[in-house]
Amino acid sequence: MSAIRPWRTIERRPCRQIMVGNVPVGGDAPITVQTMTNTPTEDAVATINQIRRCEDAGADIIRVSCPTEEASRAFRLITRAARVPIVADIHFHYKRALEAADAGAACLRINPGNIGSPERVAEVVRAAKANGCAIRIGVNAGSLEKHLLEKYGEPCPEALIESALDHIKLLQDHDFHEYKVAVKASDVFLAVAAYHGLADAVDCPLHLGITEAGGFVGGTVKSAIGIGSLLWAGIGDTIRVSLSAEPEQEVKVGFEILKSLGLRTRGVRVVSCPSCSRQGFDVIRTVEALEKRLEHIKTPLSLSVLGCVVNGPGEARETDIGITGGGKGRHMVYLSGVTDHHVADDGMIDHIVRLVEAKAAEIEAGMSDAGDADGMGVAAE
């Protein structure tokens with residue numbers, strides 16, 4: 001695709017690769033999507049149930065906070081039940097990091113400088129090494145060290161970068177290199193500038209996010225601008241969309257950002273018009289229904305839903321399945337970009353769902369056949 005359409009090319013920033021559990025992060029690995037649970041960690045059942053919903057939405061890595069000893073005890077049950085690597089979110093208390101490492105954490109989210117004395121940092125690093133844990137250094141504009149705020153006067157890109165480099169040095173002093181770094185801010189401009197500066201300064205994987213981005217709509221827009229612009233520039237190896245919404249919604253938005261840039265493909269990519277008075281059917285309600293009905297599809301494919309013939313045929317040529325509104329309640333269906341048949345209003349949504357499911361099964365079968373021919377199985381992400 002890049003050779004045919006060079007204007008779509010994204011040259012990813014070279015960096016070394018680390019492992020978060022069995023998931024590679026950085027290097028030439030796919031950009032991973034993360035989220036974080038919001039149930040009380042002490043309630044292992046509720047947390048595992050939420051993790052399952054996030055896994056079903058496609059989460060590659062999930063973070064769980066461990067603020068108490070009781071949470072650490074539940075964390076062991078949670079890591080055993082999870083199908084994806086679990087990151088332990090640790091603030092200040094180094095013993096929680098030690099407990100989480102022993103309880104199956106694939107990664108510890110800490111700021112080494114907040115852990116306490118050099119001896120405590122060394123103890124956490126030893127626990128991470130002994131248990132095969134990675135570490136994520138999480139710098140946040142809202143919790144910068146006092147001396148940096150005094151030095152720079154306010155949170156700024158230079159302050160976030162200096163904080164990150166200070167924390168990195170603490171790990172490197174103990175010969176620990178399995179780390180990734182985030183420099184998050186709720187201000188899009190601040191976060192993007194900090195990530196650009198950090199990308200030039202280090203060779204480790206970068207975890208992207210616009211922190212405290214807001215509710216579902218506002219936070220999605222801010223995250224798409226900030227995370228999307230960085231990914232477009234080739235910066236970023238794993239992302240978390242921070243929304244005041246359910247964590248599975250964060251996963252869905254994260255994948256949509258990656259899909260829009262052609263960096264990951266998962267599930268149905270819907271191309272649809274905003275609708276107008278020319279529409280031959282209720283586009284908005286139809287798209288809402290189709291997106292909900294097709295959530296179970298994990299196979300990458302495309303569906304165009306256009307209300308009239310102005311752009312409908314052109315969009316359908318570029319998608320696996322297309323529907324274009326016509327007159328008198330009869331609408332044109334396109335398969336692989338070619339006009340195929342008409343469908344009436346009644347049963348139109350059911351008909352499109354069946355077509356998508358059949359196409360997904362066809363693609364899966366083709367991938368399975370190709371894998372068998374190569375002597376190895378291949379699965380869609």
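These numbers come from a predicted model, not from an experiment.

Q: Quick question: what am I supposed to make of the pattern of salt bridges here?
A: A pair can form between side chains of opposite charge whenever their charged atoms are brought close. Applying the stated criterion to the full structure yields 19 salt bridges. Put simply, Arg 13 and Asp 237 hold a salt bridge, and the shortest N to O gap is 3.7 Å. Here Asp 237 lies in the loop between α9 (216-232) and β10 (238-240) and Arg 13 lies in the segment before β1 (18-20), a separation of 224 residues in the sequence. Summarising the burial analysis for this pair, Arg 13 and Asp 237 share the class buried. Lys 169 serves as the salt-bridge partner of Asp 173, at 3.0 Å between the closest nitrogen and oxygen. One salt-bridge network, held together by shared partners, links Arg 52, Glu 55, Asp 56 and Arg 83.

Q: Got a minute to help me understand the side chain of Asp 237 in this structure?
A: The class of Asp 237 is buried, set by a relative accessible area of 1%. Only 3.0 Å separates the side chain of Asp 237 from the side chain of Arg 12, close enough to count as a polar contact. Not counting residues up to four positions away in its chain, the partners in contact with Asp 237 are Arg 12, Arg 13, Cys 15, Val 25, Gly 26, Gly 27, Pro 30, Ile 31, Thr 32, Pro 205 and Leu 206.

Q: Help me understand the nonpolar core, please; the structure alone is not making it clear to me.
A: Nonpolar side chains in soluble globular proteins generally cluster together in the buried interior. Core analysis: the largest hydrophobic core is formed by 82 residues, its most contacted members being Phe 75, Leu 108, Val 181, Leu 206 and Leu 231. Apart from residues no more than four positions distant in its own chain, Leu 108 is found in contact with Val 87, Ala 88, Ala 97, Ala 100, Ala 101, Val 124, Ala 128, Cys 133, Ala 134, Ile 135 and Arg 136. Counting residues in each nonpolar core, the second largest holds 22 residues, with Phe 281, Leu 290, Leu 306 and Val 356 among its members.

Q: Looking at this structure, how should I read helix α7 (residues 157-172)?
A: Owing to its 3.6 residues per turn, the α-helix brings residues three or four apart onto one side. In this model α7 runs 22 Å from its N-terminal to its C-terminal C-alpha over 16 residues, within 8% of the 22 Å that 1.5 Å per residue would give. Those residues of α7 that fall on the buried side of the exposure criterion are Ala 159, Leu 160, Ile 161, Ser 163, Ala 164, His 167, Ile 168 and Leu 171. On its buried face, α7 is in contact with α4 (112-115), α5 (118-131), β7 (134-140), α6 (146-152), β8 (179-184) and α8 (188-201).

Q: Sorry, what's going on with the environment of Ala 71 here?
A: Topologically, Ala 71 is positioned in helix α2 (residues 69-81). With sequence-adjacent residues up to four places away left out, Ala 71 is seen in contact with Thr 41, Glu 42, Ser 65 and Cys 66.

Q: Looking at this model, I keep getting lost on the sheet that holds strand β3 (residues 32-36). Mind explaining?
A: In sheet architecture, strand pairing relies on hydrogen bonds along the backbone and comes in two forms, parallel and antiparallel. If you trace the eight strands from one edge of the open sheet to the other, you get β8-β7-β6-β5-β4-β3-β10-β9, paired in parallel fashion. Taken across any chain shown, the strands that pair with only one partner, and hence form the sheet edges, are β8 and β9 (207-208). Looking at chain direction, β3 and β10 are connected through three bridges and run parallel. Bridging from a neighbouring strand, Val 33 pairs with Ile 239 of β10. Across the sheet, α2 is in contact with β4 (61-65) and β5 (86-89); its angle to β5 comes to roughly 170°.

Q: Looking at this model, I keep getting lost on the pairing of strand β13 (residues 321-324). Mind explaining?
A: Where a strand is regular, its side chains alternate between the two sheet faces. Here β13 shows a buried face lined by Ile 321 and Ile 323 and a second buried face lined by Gly 322 and Thr 324. Across four bridges, strand β12 (residues 301-306) lies against β13 in parallel orientation. Across the sheet, residue Ser 304 finds its bridge partner in β13, namely Gly 322. Hairpin connection between β13 and strand β14 (residues 330-335): a loop of five residues separates the two successive antiparallel strands, and Lys 328 in this loop has a positive phi of roughly 55°.

Q: Looking at this structure, I do not really get the environment of Tyr 334. What am I missing?
A: Following the sequence through the fold, Tyr 334 ends up in strand β14. The exposure class assigned to Tyr 334 is buried, which follows from its relative accessible area of 6%. Once the C-alpha coordinates of Tyr 334 and Ile 323 are considered, the two residues, eleven residues apart in sequence, prove to be 6.3 Å apart. In contact with Tyr 334, other than residues within four places in its own chain, are Pro 313, Ala 316, Asp 320, Ile 321, Gly 322, Thr 324, Thr 339 and Asp 340.

Q: For this particular structure, what's the right way to read the state of the cysteines?
A: Each disulfide is one covalent bond, formed between the sulfur atoms of two cysteines. Here the structure, examined in full by the defined rule, presents zero disulfides. The structure places no disulfide on Cys 15, whose sulfur is separated from the nearest cysteine sulfur, that of Cys 204, by 7.4 Å. Free cysteine Cys 66: the closest other cysteine sulfur is in Cys 133, separated by 11 Å. Since its relative accessible area comes to 2%, Cys 66 is described here as buried.

Each value, and the rule that gives it
Residue positions are given per chain, counted from 1 along the sequence in the order it is written. Whole-chain, interface and lining totals are the exception, using all residues; otherwise, since this is a predicted model, local features are given only for residues with pLDDT of at least 70 and side-chain atom pairs are given and counted only at 80 or more. Only hydrogens and water are set aside when side-chain values are computed; all heavy atoms of the structure are taken into account. Salt bridges are identified by distance alone: a Lys or Arg side-chain nitrogen within 4 Å of an Asp or Glu carboxyl oxygen. Put simply, DSSP marks the helices as runs of H or I at least four residues long and the strands as runs of E at least two long, and each gets a number from the N terminus on. Classification of residues uses two cut-offs on accessible area relative to the type maximum, computed with a 1.4 Å probe and protein chains only: under 20% is buried, over 50% is exposed, and between them is partly exposed. N or O atoms closer than or at 3.5 Å make up a polar contact, with two conditions inside protein: a donor-capable atom paired with an acceptor-capable one, and, for residues adjacent in sequence, both atoms drawn from side chains. Pairs of residues are marked as contacts when any of their non-hydrogen atoms sit within 4.5 Å. Nine residue types can take part in a nonpolar core, namely buried Ala, Val, Leu, Ile, Met, Phe, Trp, Tyr and Cys, and a core is a set of them joined through side-chain atoms within 4.5 Å. Multiplying 1.5 Å by the helix residue count minus one yields the expected span of that helix. A pair of strands is labelled paired if DSSP reports no fewer than 2 bridges between them. An axis is simply a line fitted to the C-alpha atoms; with a helix, the fit covers only the stretch in contact. Between two such axes, the angle follows the N-to-C directions and lies from 0 to 180 degrees. Cysteine sulfurs are considered disulfide-paired once they come within 2.5 Å of each other.

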